[in-house]
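Structural overview
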Amino acid sequence: MWRKKGSGDDEATAESVAWERRPGGMLVQKRCSTSGDSPAAASASMATVVRVRVVYGAARHEVSVSSQVTFGELKKVLAGDTDLQPADQRLLYKGKERGNCEYLDTCGVKNRSKIILMEDVSSVERRYLERRRMAKMESINRAISDTSMEIDKLGDQVAAIGKTISNGTKVADEQISTLVEMLMRQAVVVEGIPAEGEAAFKKTLQAKRVQKFVETLDALKVSNDRVKPVFVSTKWETFESLTTSPWEFFD
């Protein structure tokens, strides 16, 4: 029995069809898989490979991609050819910058289409600031390393004085006072290093080393005062003359 198609059928058909709005404002049927095919298989059957020309300054690149990839995915492909990270790229097609979620085919990209690649100005500024930050950190770490080497040398002198005193030999007070003054100078240098983060931890470590050496010298000074100086006396011995006969003169 034949039945006349009514408005109910039209509504059912409309509900079963998905729609999407193209960039130009046109409402078209949404691409979907055919009956019995998986979405991936249907997408592969509809996709075509296009070879696009990408202009980046004076450089020219030709890239083969699917027409159904997004501009964001295209940026990932171009990153390998241009050494420019996707976040630092701007892609312009037909005089308009394209977003990462826009598809090539919906924007009208075809085989041999030309796309302009530009570097994002904000990314250039970010990299500049990052290079400055890294250079500053390198300078700070180098200053801390140089100071650490000087403190190591002074620490060796502290150990040498301690060994001398422990052996019962008195050390000149001026030698201890001079070494304390040299350590305090290094403490001032360490304090003047503008460090933060991990560098701040290294800076604090060097300051504690200086303080420990100064405290050691204070203790050694007390021990040095208790050491009795050793005086060396020389006893002279006299000898009698071995010659008893008178001198004889010859003409």
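Provided above is the structure to which this section pertains.
Please read all numbers here as calculations on a predicted model, not as lab measurements. (Residues numbered from 1 in each chain as written. Predicted model: local features only at pLDDT ≥ 70, side-chain atom pairs only at ≥ 80, totals over all residues. Heavy atoms only, no water.)

A few words now on the sheet that holds strand 6 (residues 96–97). Read across the open sheet, the five strands follow the order 4-3-7-5-6; overall the sheet is mixed. At either end of the open sheet lies a strand with only one pairing partner, and these are strand 4 (59–66) and strand 6. Across three bridges, the pairing between strand 3 (residues 49–56) and strand 7 (residues 114–119) is parallel. Its bridge partner being in strand 7, R53 is matched across the sheet by K114. Against the sheet, helix 3 (residues 71–82) engages strand 3, strand 4, strand 5 (89–93) and strand 7, with an angle of about 120° to strand 5. (Pairing = 2+ DSSP bridges. Helix = DSSP H or I, 4+ residues; strand = E, 2+ residues; numbered from the N terminus. Contact = heavy atoms within 4.5 Å. Axes fitted to C-alpha atoms, helices over the stretch in contact; angles between N-to-C directions.)

Let us look at the nonpolar core. V158, I161, L183 and L217 are the most contacted members of the largest nonpolar core, which totals 17 residues. Listing elements by their share of this core, those giving two or more residues are helix 4 (121–166), helix 5 (173–191) and helix 6 (198–226). Core analysis: the second largest hydrophobic core is formed by 16 residues, V65, L74, L91 and I115 among them. (Core = buried A, V, L, I, M, F, W, Y, C linked by side-chain atoms within 4.5 Å. Buried < 20%, exposed > 50% of the residue type's maximum accessible area, 1.4 Å probe, protein only.)

Helical periodicity: at 3.6 residues per turn, an α-helix aligns residues three or four positions apart in one direction. Between its terminal C-alpha atoms helix 4 stretches 67 Å, which fits the 68 Å expected from 46 residues at 1.5 Å a residue. One or two residues past the end of helix 4 sits G168, with phi positive at roughly 90°. (Expected span 1.5 Å × (residues − 1).)

On to the packing of helix 5 against helix 6, then. The description of two helices packed together rests on the angle between their axes and the distance between the axes. The geometry of helix 5 relative to helix 6 is characterised by a closest axis approach of 10 Å and an angle of 165° between their N-to-C directions. Compared by their axis directions, helix 5 and helix 6 come out roughly antiparallel. Seen from above, helix 5 lies across helix 6 with left-handed handedness. Counted together, D173, I176, L179, V180, L183, M184, Q186, A187, V190 and E191 of helix 5 and K203, Q206, A207, V210, F213, V214, L217, K221, N224 and D225 of helix 6 form the full contact between these two elements. Considered class by class, the residues forming the contact of helix 5 with helix 6 number 12 nonpolar, three polar and five charged. (Parallel < 35°, antiparallel > 145°, perpendicular 65-115°, else oblique. Left-handed = near helix turned anticlockwise from the far one by under 90°. Nonpolar A, V, L, I, M, F, W, Y, C, P; charged D, E, K, R; others polar.)

A few words on the side chain of Q89. With respect to the secondary-structure elements, Q89 resides in strand 5. Once you skip the residues sitting within four places of it in the chain, Q89 turns out to touch K75, L78, A79, T82, L84, L117 and M118.

Moving on, we come to the pattern of salt bridges. For the structure shown, the criterion picks out 12 salt bridges. The salt bridge involving R127 is made with E119; its shortest N-O contact spans 1.9 Å. Classification of E119 as partly exposed rests on a relative accessible area of 24%. Three or more residues are tied together by salt bridges with common partners; here these are D88, E119, R126 and R127. (Salt bridge = Lys/Arg side-chain N within 4 Å of Asp/Glu carboxyl O.)

Among the secondary structure elements, S148 is positioned in helix 4. Reaching out from S148, the side chain makes a polar contact with the side chain of R209 at a distance of 3.4 Å. Ignoring anything within four residues of it in the chain, the contact list for S148 reads Q206 and R209. (Polar contact = N/O pair within 3.5 Å; in protein donor to acceptor, adjacent residues only side chain to side chain.)

What follows covers the pairing of strand 4. Where strand 3 meets strand 4, eight bridges bridge the pair, whose relative direction is antiparallel. For R53, the partnering residue across the bridge sits in strand 4 and is E62. Hairpin geometry of strand 3 and strand 4 is characterised by an intervening segment of two residues between the two adjacent antiparallel strands and by a positive phi of about 65° at G57.

All right, on to the packing of helix 4 against helix 5 then. The N-to-C vectors of helix 4 and helix 5 enclose an angle of 160°; their axes lie 11 Å apart at closest approach. Accordingly, the angle class assigned to the pair helix 4 and helix 5 is roughly antiparallel. In this structure, helix 4 crosses over helix 5, and the sense of that crossing is left-handed. Across the interface between the two elements, T147, E150, I151, L154, Q157, V158 and I161 of helix 4 pack against Q175, I176, L179, M182, L183, Q186, V189 and V190 of helix 5. Its residues placed into classes, the contact of helix 4 with helix 5 shows 10 nonpolar, four polar and one charged.

Glancing now at helix 3. Here helix 3 is 12 residues long and its end C-alpha atoms lie 15 Å apart, about the 16 Å a rise of 1.5 Å per residue gives. The set of residues buried in helix 3 consists of F71, G72, L74, K75, L78, A79 and T82. Down the axis of helix 3, the buried set is contained in an arc of 155°. They therefore lie on one face. Exposed residues pointing more than 90 degrees away from the buried face of helix 3 are listed as K76 and G80. (Arc of directions from axis to C-beta.)

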